[in-house]
Amino acid sequence: MEKTNNTWTTRMLTEGAICIALSFVLGRIKLFEMPQGGSITAGQMIPLIIFALRHGCVKGLLVGAVYGVLDMIFGGYIMHPVQAILDYPLAFGLLGLAGIFSDKFLETKNIGPIVLGTAIAVLGRFICHVLTGVIFFYSYAPEGQGALMYSIIYNGSFLLVEFAITLVIIYLLRNFLTSDMTKINKI
């Protein structure tokens, strides 16, 4: 699989659409919902991250951004256009960063590069949500607590659990990812 190739095959487009649809469904299964937005889901990020691992960072960024737009349209909270971009297409698009180290994973068959790529991807999403919390939702911070610290704690509380769920599922799927990615290389 040539990750630097900018062409999209029918198979990639189909897989991207399926990953977006799966993320959409998993995102609607909320295990816990935070009072001012954000939730712990049944693995909303997993299909987007798997797509990025299989097809690379750039394509993963695009598929994540498309998902973010759909998530915004079907239930997003929009206060300002910049907040909408940060909280939805940019935050979910950055999940494509998981694909940064996917070549290393294929070479070594070690889960480490996937964990690192996923951590960077979720950190990117976290930064977007923290920024919108500080810039647009600062009034939610309790008296005496700074908006930045409140936004970090608030967003970190649900994203840390989402990250853990994602890592556990991806760890369980690691053998599938390795064998499937190797087969795709031969196609």
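Everything discussed here concerns the structure shown above.
Remember, it's a predicted structure, so these values are computed and weren't measured experimentally.

1. Observations regarding the overall build of the chain
Part 1 of the argument: Looking only at helices and strands, the chain has eight helices and two strands in total.
Part 2 of the argument: Scaling as 2.2 N^0.38, a compact globule of 187 residues should have a C-alpha radius of gyration of about 16 Å, and the chain matches this with 17 Å.
Part 3 of the argument: Its C-alpha atoms give the chain principal-axis dimensions of about 60 × 30 × 25 Å.
Part 4 of the argument: Relative to its full complement of 187 residues, the chain shows a buried share of 46%.
Part 5 of the argument: Considering only contacts in the chain between residues 6 or more positions apart, those separated by 24 or more positions represent 73%.
Part 6 of the argument: For the chain, the accessible surface area stands at approximately 9400 Å², while carbon and sulfur atoms represent 71% of it.
Part 7 of the argument: Between the mean site of the 12 positive side-chain charges and the mean site of the 10 negative ones, the chain shows a separation of 11 Å.

2. Considering the packing of aromatic side chains
Part 1 of the argument: Scanning the entire structure with this criterion turns up seven aromatic pairs.
Part 2 of the argument: Ring centres of Tyr67 and Phe92 lie 5.0 Å apart, and the angle between their planes is 80°; this geometry places the pair in the edge-to-face category. Of this pair, Tyr67 sits in helix α3 (residues 57-73) while Phe92 sits in helix α4 (residues 81-93), and the two are 25 residues apart along the sequence. The burial state of Tyr67 is the same as that of Phe92; both residues are buried.
Part 3 of the argument: In textbook terms, an aromatic cluster arises when at least three aromatic residues are bridged by ring pairs, as seen for Tyr77, Phe137 and Tyr140.
Part 4 of the argument: Above the ring of Trp8, the side-chain terminus of Lys59 is found at 5.7 Å from the ring centroid.
Part 5 of the argument: Cation over ring: Arg174 sits above Tyr171, and NZ or CZ is 3.9 Å from the ring centre.

3. Quick look at the pairing of strand β1 (residues 30-33)
Part 1 of the argument: For β1 and strand β2 (residues 39-41), the ladder comprises three bridges, and the chain directions are antiparallel. Each residue of the ladder has a partner; that of Phe32, found in β2, is Ile40.
Part 2 of the argument: Between β1 and β2, which follow one another and run antiparallel, lie five residues, and Gly37 among them has a positive phi close to 105°.

4. A short note on the side chain of His55
Part 1 of the argument: Within the secondary structure, His55 is located in helix α2 (residues 46-55).
Part 2 of the argument: Judged by its relative accessible area of 5%, His55 falls in the buried class.
Part 3 of the argument: Here Glu15 takes part through its side chain, which lies 3.0 Å from a polar atom of the side chain of His55.

5. Re the packing of α2 against α3
The axes of two packed helices give the description: the angle between them and the distance between them.
Part 1 of the argument: Interhelical geometry of α2 versus α3 gives an angle of 155° and a closest axis separation of 7 Å. The pairing of α2 with α3 is recorded here as roughly antiparallel in orientation. In this structure, the crossing between α2 and α3 has a hand that is right-handed. Contacts between α2 and α3 pair Leu48, Phe51, Ala52 and His55 from the former with Cys57, Lys59, Gly60, Val63, Gly64 and Tyr67 from the latter.

6. What to know about a nonpolar patch on the surface
Part 1 of the argument: On the surface, a cluster of nonpolar side chains totalling about 390 Å² of accessible area is made up of Val25, Ile29, Leu31 and Phe32.
Part 2 of the argument: Along the chain, Ile29 turns up in the loop between α1 (10-28) and β1.
Part 3 of the argument: With relative accessibility at 41%, the residue Ile29 sits in the partly exposed group.

Calculation criteria
- Residues numbered from 1 in each chain as written.
- Predicted model: local features only at pLDDT ≥ 70, side-chain atom pairs only at ≥ 80, totals over all residues.
- Heavy atoms only, no water.
- Helix = DSSP H or I, 4+ residues; strand = E, 2+ residues; numbered from the N terminus.
- Rg over C-alpha atoms; globule rule 2.2 N^0.38 Å.
- Buried < 20%, exposed > 50% of the residue type's maximum accessible area, 1.4 Å probe, protein only.
- Contact = heavy atoms within 4.5 Å.
- Areas by Shrake-Rupley, 256 points an atom, 1.4 Å probe, with all protein chains shown as cover.
- Lys, Arg positive; Asp, Glu negative; His and termini not counted.
- Charge placed at Lys NZ, Arg CZ, Asp CG, Glu CD.
- Phe/Tyr/Trp six-rings, centres within 6.5 Å; stacked < 30°, edge-to-face > 60°.
- Lys NZ or Arg CZ within 6 Å of the ring centre and 35° of its normal.
- Pairing = 2+ DSSP bridges.
- Polar contact = N/O pair within 3.5 Å; in protein donor to acceptor, adjacent residues only side chain to side chain.
- Axes fitted to C-alpha atoms, helices over the stretch in contact; angles between N-to-C directions.
- Parallel < 35°, antiparallel > 145°, perpendicular 65-115°, else oblique.
- Left-handed = near helix turned anticlockwise from the far one by under 90°.
- Patch = residues over 30% accessible without salt bridge, like charges linked within 9 Å, V, L, I, M, F, W, Y side chains within 5 Å.
- Salt bridge = Lys/Arg side-chain N within 4 Å of Asp/Glu carboxyl O.

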